[in-house]
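Residue-level structure breakdown
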Amino acid sequence: MRLSRYFMPVLKEDPKEAQIVSHRLMLRAGMIKQQAAGIYSWLPLGFKVLNRIQQIVHEEQQRAGHIPMLMPTLQSADLWRESGRYDDYGDEMLRIKDRHKRDLLYGPTNEEMVTDVFRSHVSSYKDLPLTLYHIQWKFRDEMRPRFGVMRGREFLMKDGYNFDLDRDAALHAYNRHLVSYLRTYERMGLQAIPMRADGGPIGGDYTHEFLVLAETGESEVFYDSQITDLKFGAREIDYDSVAECQAVLEEFTSRYARTDETHDEAIFAEVPEERRRSARGIEVGQIFYFGTKYSEAMGATVVGPDGNRVPVEMGSHGIGVSRLLGAIIEASHDDKGIIWPEGVTPFHAGIVNLKQGDVATDSACEALYAELKTQGLDALYDDRDERAGAKFATMDLIGLPWRITVGPRGLANNKVELTSRRSGESVEMSPQEAVLRLKEIYKPVFDAAY
RNA sequence: CGGGGCGUAGCGCAGCCUGGUAGCGCGACGGUUUUGGGUACCGUAGGCCGGAGGUUCGAAUCCUCUCGCCCCGACCA
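Residues numbered from 1 in each chain as written. Chains lettered and ligands numbered in written order. Predicted model: local features only at pLDDT ≥ 70, side-chain atom pairs only at ≥ 80, totals over all residues. Heavy atoms only, no water.

Side note on the overall build of chain A
Scanning chain A from N- to C-terminus turns up 14 helices and 23 strands. Taken over C-alpha atoms, the radius of gyration comes to 24 Å for chain A, in line with the 22 Å a tight globule of 450 residues would show. Once the C-alpha set of chain A is aligned to its principal axes, its extents read approximately 80 × 55 × 45 Å. Per-residue burial over chain A gives 54% buried out of 450 residues. Look at the contacts in chain A between residues 6 or more apart in sequence, and 71% of them connect residues 24 or more apart. Working note: accessible area of chain A is about 20000 Å², and carbon and sulfur atoms make up 48% of it. Of the side-chain charges in chain A, 56 are positive and 70 negative, and the distance between the mean point of each set is 5 Å. (Helix = DSSP H or I, 4+ residues; strand = E, 2+ residues; numbered from the N terminus. Rg over C-alpha atoms; globule rule 2.2 N^0.38 Å. Buried < 20%, exposed > 50% of the residue type's maximum accessible area, 1.4 Å probe, protein only. Contact = heavy atoms within 4.5 Å. Areas by Shrake-Rupley, 256 points an atom, 1.4 Å probe, with all protein chains shown as cover. Lys, Arg positive; Asp, Glu negative; His and termini not counted. Charge placed at Lys NZ, Arg CZ, Asp CG, Glu CD.)

Structure (structure tokens):
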């Protein structure tokens, strides 16, 4: 993309409504525009990252064997009356009437609807196990939306629902989700720690929240510092293997890690003092096993091998897709702007033309831009007629992890500069070398795709 | 929902107390200049002052109502 033709309305000054760094940077980088309290337009740059994150979530869900679908944003109130949650949910649920005065609601989650889909079409244990998921906009009418996309009213969420014949199978589904979530967050350059949590309105007592440590987190968390050394890494796993998934769950949940909701001082005291930590965390996902709570209320049953009809065992699992942008920025920025992890960056690299209008420099930039594209790398070419300082400041703000600086001084020796946004280190090399180096850098990102 | 605050140009703000027909910085646009970290100078455009009603000869300014947004708290992914 040529910046002169792109739409990226960056701001030099901080908008006053933004209090936390991710909100401020998303507004300044021209990623979002607020349309109402807690409701945002996703401008091209923000939309690009949102899509990258969605893509990773889709890939990791499907790698785990989960099946994508799409349910509507608007739901009939009748379904929610069946489960009893129409009254329980309170004012957080946005209720709407259509022209026939039928009660509708903008879905805050989809347990009822997916259970309805299931009961309409599945009746035999032979169709199990089944995990359906979708990535869809949700609405929760928060009393006080804040922190930009971290706590909006409208938000994009991946929610998945497993259907299993018995408790053991459902617990395997739970473990499988835990594993897939670990992979998902790591691909985004995040460390998200599974912590024992509270069931909340979804119900169920078997649940973990995934938290990204950040000063601006909404939850207070307590953990054994050893847990931050754990990495899922590039290991292969057989998602159908109960033992393998169970082993990963045990590895990642055996050390103390709880949110304030479930924190227990007595148990925490057993952790050696030098490893005890308390911090703030941003919740970016949660997994639940809740058994037959919805299947019983809504009559979602299957006939088992013994010929008896039993309510199906369920769990649900969510990833806050739009909120992840905020979480990633909270975890990865400096005083100049965002620092995108390679896995989610909107562009793989930025090209800064230091002397726009100079024939040699322009053509070197064009050639580099074309070659990156040929090699499958998506570059943002700053071809504006701006001074170097302004271009650098923009690149730093929007956080592309790699920058190639092209100017007449270096080109005299066939050199450009490859600079890491994270470390600030610059290395001179030929344009050809820069392309090769970027291909190496992004190889793990491309290899991780499913 | 309780408490507090703010709506004046694209963004950040002043003007309001003490009514007299709107200003600054940044940005945008045009030019000169400059050219490796938001260059300097000159110029131009852009606002019925959130909305409605009222008081007044006259309202951004005073009064009433209303809408929106922000902050603290409670709540929440």
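Observations concerning the sheet that holds strand 4 (residues 74-76)
Pairing in this open sheet of three strands is antiparallel, and the strands run 4-6-5 from one edge to the other. Each end of this open sheet is capped by a strand with a single partner; those strands are strand 4 and strand 5 (94-97). Ignoring which end each strand starts from, the neighbouring axes of this sheet average 40° apart. (Pairing = 2+ DSSP bridges. Axes fitted to C-alpha atoms, helices over the stretch in contact; angles between N-to-C directions.)

Some thoughts on the pattern of salt bridges
Any two side chains of opposite charge can pair, given that their charged atoms come close. The full count for this structure, using the stated rule, is 27 salt bridges. Notably, a salt bridge pairs Arg2 with Glu366, separated by 2.3 Å at the nearest N-O pair. Of the two residues, Arg2 sits in the segment before helix 1 (21-28) while Glu366 sits in helix 11 (residues 359-374), which places them 364 residues apart along the sequence. What makes Glu366 partly exposed here is its relative accessible area of 31%. Here Arg85 and Glu111 are joined by a salt bridge, their closest N and O atoms 2.9 Å apart. Taken together, the residues span a long stretch of sequence, with Arg85 in helix 4 (residues 85-88) and Glu111 in helix 5 (residues 111-121) at a distance of 26 residues. Overall, Arg85 belongs to the buried group, its relative accessible area being 3%. Note on Glu111: relative accessible area 1%, which makes it buried. The network of salt bridges with shared partners includes Glu59, Glu60, Arg63, Arg183 and Arg187. (Salt bridge = Lys/Arg side-chain N within 4 Å of Asp/Glu carboxyl O.)

A word on helix 10 (residues 321-331)
Think of an α-helix as 3.6 residues a turn; residues three or four steps apart then line up on the same face. Most of helix 10 sits out of view: 10 of its 11 residues are buried. Along helix 10, the residues that are buried comprise Val321, Ser322, Arg323, Leu324, Leu325, Gly326, Ala327, Ile328, Ile329 and Glu330.

A look at a negative patch on the surface
A contiguous patch of negative charge, built from Asp198, Glu220, Asp260 and Glu261, is present on the exposed surface. With respect to the element layout, Glu220 can be found in strand 11 (residues 219-224). Residue class for Glu220 comes out partly exposed when judged on its relative accessible area of 32%. (Patch = residues over 30% accessible without salt bridge, like charges linked within 9 Å, V, L, I, M, F, W, Y side chains within 5 Å.)

Things to note about the nonpolar core
In terms of nonpolar packing, the biggest core is built from 76 residues, with Met31, Ile53, Tyr185, Phe210, Val284 and Leu380 touching the most fellow members. Broken down by element, the residue count for this core peaks at eight residues, all from helix 6 (residues 167-187). For this core, the two domains that each supply at least three residues are domain 1 (3-338) and domain 2 (349-447). For Tyr185, the contacting residues outside a window of four places in its chain are Leu190, Ala192, Phe210, Val284, Gly285, Ile319 and Leu324. Of all hydrophobic cores here, the second largest spans 25 residues; its members include Ala77, Leu79, Tyr86 and Leu105. (Core = buried A, V, L, I, M, F, W, Y, C linked by side-chain atoms within 4.5 Å. Domains from an automatic or database assignment.)

Comments concerning the packing of helix 2 (residues 44-63) against helix 10
Their axes nearest at 9 Å, the elements helix 2 and helix 10 cross at an angle of 110°. Our classification of the angle between helix 2 and helix 10 gives roughly perpendicular. The two elements helix 2 and helix 10 meet at a crossing, and its hand is right-handed. Seen from helix 2, the contacting residues are Gly46, Val49, Leu50, Ile53, Gln54 and Val57; seen from helix 10, they are Val321, Ser322, Leu324, Leu325 and Ile328. (Parallel < 35°, antiparallel > 145°, perpendicular 65-115°, else oblique. Left-handed = near helix turned anticlockwise from the far one by under 90°.)

Notes on the domain arrangement of chain A
Domain parsing of chain A yields domain 1 (3-338) and domain 2 (349-447). Centre-to-centre, using C-alpha coordinates, domain 1 lies 36 Å away from domain 2. Contacts between domain 1 and domain 2 engage 17 residues on the former and 14 residues on the latter. For the domain 1 and domain 2 pair, buried surface summed over both sides reaches about 1200 Å², with 56% attributable to carbon and sulfur atoms. (Buried area = accessible area lost by both parts, 1.4 Å probe.)

With respect to unusual backbone geometry
The residue after Leu128, namely Pro129, is reached through a cis peptide bond having omega 0°. Phi at Lys101 takes a positive value of approximately 65°, unusual for a residue other than glycine. By the element assignment, Lys101 lies in the loop between strand 5 and strand 6 (103-106). Owing to a relative accessible area of 62%, Lys101 belongs among the exposed residues under this scheme. Phi is positive for Phe147, which is not a glycine, with a value near 60°. Along the chain, the position of Phe147 falls in the loop between strand 7 (130-139) and strand 8 (154-164).

Some remarks on the sheet that holds strand 21 (residues 402-406)
Strand order in this open sheet of five strands is 20-19-21-22-23, and the pairing throughout is mixed. Among the strands making up the open sheet, the edge pair consists of strand 20 (379-382) and strand 23 (426-429). Looking at each pair of strands side by side, their axes are set apart by 20° on average, direction ignored. Contacts from helix 12 (residues 388-398) reach strand 19 (349-353), strand 20 and strand 21, with the element oriented near 170° to strand 19. Contacts between helix 14 (residues 431-447) and the sheet are confined to strand 19, strand 21, strand 22 (416-420) and strand 23, with strand 21 contributing the most and set at about 175° to the helix.

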